[in-house]
Amino acid sequence: MPFRSDDLVDDIMRAAPHTIRVFLAFRMACVGCPIATFHTVEDACREHGIDRDKFLAALCECVPA
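A brief structural summary. (Residues numbered from 1 in each chain as written. Predicted model: local features only at pLDDT ≥ 70, side-chain atom pairs only at ≥ 80, totals over all residues. Heavy atoms only, no water.)

## Regarding the side chain of D43
Convention followed: The numbering of helices and of strands both runs from the N terminus, where a helix is a DSSP run of H or I of at least 4 residues and a strand a run of E of at least 2. In this scheme, a residue with accessible area under 20% of its type's maximum is buried, one over 50% is exposed, and one in between is partly exposed, where area comes from a 1.4 Å probe on protein chains only. Two N or O atoms count as a polar contact when they lie within 3.5 Å, although within protein this holds only if one can serve as hydrogen donor and the other as acceptor, and sequence-adjacent residues are included solely when both atoms are side-chain atoms.
Structurally, the position occupied by D43 is in helix α3 (residues 41–48). Given a relative accessible area of 18%, D43 falls into the buried group. A polar atom in the side chain of D43 sits 2.9 Å from the side chain of R46.

## With respect to the environment of M28
Note the cut-off: Only heavy atoms matter for contacts: two residues are in contact if any of them lie within 4.5 Å across the pair.
Within the secondary structure, M28 sits in the loop between α2 (20–25) and α3. Between the C-alpha atom of M28 and that of I50, which follows or precedes it by 22 residues, the distance is 8.9 Å. Sequence-distant contacts of M28, that is, excluding residues within four places in its chain, are made with F23, A44, C45, H48, I50 and F55.

What follows is the structure, encoded as structure tokens:
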């Protein structure tokens, strides 16, 4: 499943729960956050000071085969 920077954080975690560990590994407290329903990956990375491309790569790498 490819993830994009304009995907909503909550949509990603609901559609692919295995990605939650990536959010936690990057110290992003998005799990359970009410803003996750509005924030895109781009927004969340900017707010947390995370490199968007590295984060997206980590999300894509965690997808089970």
